[in-house]
Every structure is written in structure tokens, then in C-alpha cells.
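Survey of secondary and tertiary structure
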Amino acid sequence: MHVALAILICTLVYLDSWPVGQFQLGRPVLLLPLLGWALGHPWAGLWLGLVLETLTLRSLPMGSALPPDPALAGLWALLGLDLGTPSLLDRLPTEAGVATALAVAVPLCWASPWLTEAQRRINGRWWRPRFEAAAQAGDDRLCGRLMGRVLLQTAGLAALVSGLALVLVRVVGPWLGRWGRSLPESGRLLELNLAWLLLAVAVGGLWRHTAGRRGNRALWSGALLGLVIATLWWLGRFA
Amino acid sequence: MSVRLPSSVFWRSLLIQGAWNYQGMQHLGYLWALLPIVRQLPKDERRAALLRATEFYNAHPYLCGYLLGAASTLEATGQGPALSRLKRAGVTPLGVTGDRLFWAGLKPLSGVLGMLGFLVLVITPPVADDRHWLTALGVAVAATVGYNVIHVHWRRKALHDGRRLGLGLAGALRELAHLPLLAASGLALGLISGLTLPLLAAMGAGGKPLGVLALLATAVLSWQLPARSWALPVLLAAVFLFQSL
């Protein structure tokens, strides 16, 4: 993948995440498997999408809260590891590639809100006085033009930070790739791999998000239904 | 003066968070979305309308249309000064309803549906089959499209209801807290979230009893984590460390 295209995708996804529209087009469970498939790394994209989406379902962007940005973190990880020919993901076995991508994306997920924090502060300190001065002067034309400038500046900052994040992933990627390669295909203990364990953490979080709400009884009904399906699956496979 | 609601207000309302800041929150996006309405006013009334629009505003972004629609009616009928009071009364119910309906209900629900599609793909042999992949992707696409159909419907409905109700919006907002969709989304989210844990535990470990127990234990540990900001990162670090041993 070309670095300019990678930065453009990150910027568009970031703009959709809160300043423009919020259509959730960059949600990890949709975008990352699709992008992974297009780039030839379907499993890295799929596991990134599954784990990041589920892990952050309970992080709600209410009021001035700054929840983790799983879409941007997943994109930085997937696109950063895919840069170059052959890319790091091309050189790693599938399991090691998935583990490496997850090791890059999960910490980035909690670092990504700093971009939004910086943009909110720029809006408050730089753009707000200009809007208010235009309103004070009754200049509706200037008010109209200012929003375009805010969006350009927001896109510029997102592109700059995405470029830096991709460089960072490119630098730490080989190091984490060596770690990913050192992991056995299924964990030494209990034969579980990293992706399944992270998904278990994420599903636990989802239960916490749901259990305290109106869906409590529905949660247990769903669990019972899941148990029946799992038992049928197990009987079909082993009986 | 006639009450006209230009369609550009709808498109502009998509940028309600475009210049979000800690001082006035969504007020600059609100001001920008309101400009087509302000431009219909006589020149001597525009400055006052612009200044009113720069007052604090923060509600759910998808439901901002209620106040934008009401503003079009009030500004055009010379009741602009009442708008500040309506805004203050409206932001909390709009914020709470929108957060419950979209952020805590429909958004996680569509995410879990997409996740279930891929979970089934992962455990269904042959896993490398493109048709399986496309089916799972189709589930994720359908979940996102479904979410957006509801979201855009609410954006349009809010704008037109707000315009129709004008000052009567304050009373109508109370009804929003009793939307049947709120209860339905909560129930659906509960049911589908409940499905995920047994499926994950049974199938993720390939039916091996110790693996099933380990996945269940990890999920229950995460479920019961204390509500501290450090708890989840510590658990995630522990998982990475455990795998590296």
C-alpha cells in the first residue's frame, strides 16, 4: 500500500468518526476485515476488527468523554504493517502476523484519543474566538467560511498524526514481529492463541456493558440459547 | 414571514460536531447549521440571531435537528429570544435519549451482529472459502447500513418535528424517553450479547475442556473487573504476558 493512500484512508475514517456525519463507516468490524481482505491479509484484518470492535463497544462517546478510537488504531496497525514490498505482514506466518497486528493496535487504541483531545483544544483556543468575533460583527458569510477552514485544519492534523503513527508502526513493527514469530501457533498453555484470549476479554466487557441495563434478563436468555447451540455444535463434532 | 426550512440545514447538521470544543461544545456546529435560516431574516435581526446561536449547546449529534427545526420556526416568527430557554431545556433530554438509543443501544447492537457474523466464519470450515468470507462481510455491511437507515431517519424526523412543534417541542421531548425502540434495542443487545459468550468459549477452544474453562474464566474476569481506568489495560497486558511465557 502506498503511504499517501494509507494516510488518506486514515484521515477520511477519522473525519467520519466525530467531526463529520458519524456514519460509523470506519467501524472496525466492517472496515478492517474488508481492508485486510483487499490487502491480502484477511486474518490480520478479521482479528483486528473482531477484537477492537468488541473491546471498545462499551466505550461510549457521551458528552466530553474521550473513548478509544478503535478504527484509527486498527488502520494504523494494519496499514503500517502492510507498508513496503514485501511488507512485514507478507514476511510473517499468519498467526504471527495476527499477534503482531494485535500487539500494535491494542495500545494504539488507548493512545488515539489524544488526537481528538488536541483537535478539541485547537477548536476552543483558535477557532472559537474567530467564530464568535464573526457573530459579534453579524458577518454570516465569514461564519460560513470558517467551518470549511476548521475541517481542512482537522483533516491536516489527522493526516499528520496518521503519518507519524504509520512511521512509528513501521519502526516498532519488526521488533514486535520477532515477538509474534516467537509465539507458538496455539499458546503453550491451554493451546489458546492470543486472539481468542483477547476476544474473551472483549466479550466479558460486552457482558458488563449489557448486564446493568434493561437487557439483563435478555442477556441470560441469550446465554442459554448460546449454550444450546454450543452443545449441539459440540455433539455434532465429537459424538 | 413564512417558515421555510432549507434542505441545506439537514446537510449542515451532519457537521454539528465539526468544531466541538470544551467551552461551548457543539455551539459552533449549531451556528453553522443554522446559517441558511439566519440568512432568511431581515438584516437588522441577523446579528442577534447569530449571537444567540453561539450560546452553549451540546446534545446528541443525531437529534440536533429538533432544536434546529424549532429554531427555524422561532426565528422566522420573531420569537428568537425564547430559543435560548428552549435550548437550555432541550439539551439534556435530547442528549440522554440519543445516548441511550444510539451510543448504548443501536451502535453496540450493530457491532455485535457484525461480530457474530465473523465469529461464525472463523468456526465454520472451510475457513478460507471466499463465499463464507463474503457472507460474514455481508452481515457486517447489513448491520452498518441498518444502523445508518435508522440514524438518518431520526435526523430527518427530528428536523421536521422540531420545525412543526416550535416552542411546543419542550413538552414533546418528554415523550422521547418512552420510545419503544429504546426498550427493543436494549432487549436485542442483551439477547445477542448473551449468545456470544457460550459460542466463544465452546468454539474458540475447539471443544477442549481446559481451553473452554480458560476462555470462560478470562471473560468472567473481564466482566467482573473493577470500574477503574487501569483495570482493563492491566488485564490486556496480563494476556499478552501470559501468551509470551
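Since we're looking at a predicted model, the values are computed, not measured.

1. Some points on empty space enclosed by the protein
Residues and elements named next belong to chain A. Under the defined criterion, the tally for this structure stands at 4 cavities of 30 Å³ or more. As a volume, the largest cavity reaches approximately 40 Å³. Together, G80, L81, L83, L88, V169, R170, G173 and P174 line the largest cavity. Those elements that provide at least two residues to the lining of the largest cavity are helix 4 (70-82) and helix 8 (140-182). The element best represented in the lining of the largest cavity is helix 8, accounting for 4 residues. Taken together, the residues that form the lining of the largest cavity break down as 5 nonpolar, 2 polar and 1 charged.

2. Observations regarding a positive patch on the surface
Side chains of R141, R145 and R149 of chain A together with K43 of chain B sit close together on the surface and give a patch of like positive charge. With 3 residues, the single largest contributor to the positive patch is helix 8 of chain A. Here R141 of chain A is to be found in helix 8.

3. Let's talk about the confidence of the model for chain B
Predicted coordinates in areas of low pLDDT are best not read in detail. With 96% of its residues at a pLDDT of 70 or more, chain B has an overall mean of 87. Within chain B, the lowest mean pLDDT, 84, falls on helix 7 (residues 169-176) of chain B, and the highest, 93, falls on helix 2 (residues 27-38) of chain B.

4. Re the environment of V234 of chain B
Counting through the fold element by element, V234 of chain B comes out in helix 10 (residues 231-244). A sequence separation of 215 residues divides V234 of chain B from A19 of chain B, and the C-alpha atoms of the two residues are 34 Å apart.

5. Points about the domain arrangement of chain B
Parsing chain B into structural domains produces domain 1 (8-193) and domain 2 (205-245). Taking the mean C-alpha position of each, domain 1 of chain B and domain 2 of chain B sit 36 Å from one another.

6. What to know about the pattern of salt bridges
Tallied over the full model, the rule gives 8 salt bridges over all chains. A salt bridge links D140 of chain A to R46 of chain B, with the shortest nitrogen-to-oxygen separation between them at 4.0 Å. Here D140 of chain A is found in helix 8, whereas its partner R46 of chain B is found in helix 3 (residues 43-53) on a different chain. Pair check on accessibility: D140 of chain A and R46 of chain B agree, each one buried. With a closest N to O distance of 3.3 Å, D161 of chain B and R164 of chain B form a salt bridge. Taken together, the residues D161 of chain B and R164 of chain B, both in helix 6 (residues 130-165) and 3 residues apart, mark about one turn of the helix. A network of salt bridges, in which partner residues are shared, links D140 of chain A together with R39 and R46 of chain B.

Reading the values: the criteria
Residues numbered from 1 in each chain as written. Chains lettered and ligands numbered in written order. Predicted model: local features only at pLDDT ≥ 70, side-chain atom pairs only at ≥ 80, totals over all residues. Heavy atoms only, no water. 1 Å grid on protein atoms, 1.4 Å probe; cavity = no way out; pocket = protein on both sides within 12 Å on 5 of 7 lines; lining within 4 Å. Points joined across faces, edges and corners; volume = space filled by probe spheres on them. Helix = DSSP H or I, 4+ residues; strand = E, 2+ residues; numbered from the N terminus. Nonpolar A, V, L, I, M, F, W, Y, C, P; charged D, E, K, R; others polar. Patch = residues over 30% accessible without salt bridge, like charges linked within 9 Å, V, L, I, M, F, W, Y side chains within 5 Å. Areas by Shrake-Rupley, 256 points an atom, 1.4 Å probe, with all protein chains shown as cover. Salt bridge = Lys/Arg side-chain N within 4 Å of Asp/Glu carboxyl O. Lys, Arg positive; Asp, Glu negative; His and termini not counted. Charge placed at Lys NZ, Arg CZ, Asp CG, Glu CD. pLDDT = per-residue confidence, 0-100. Domains from an automatic or database assignment. Buried < 20%, exposed > 50% of the residue type's maximum accessible area, 1.4 Å probe, protein only.

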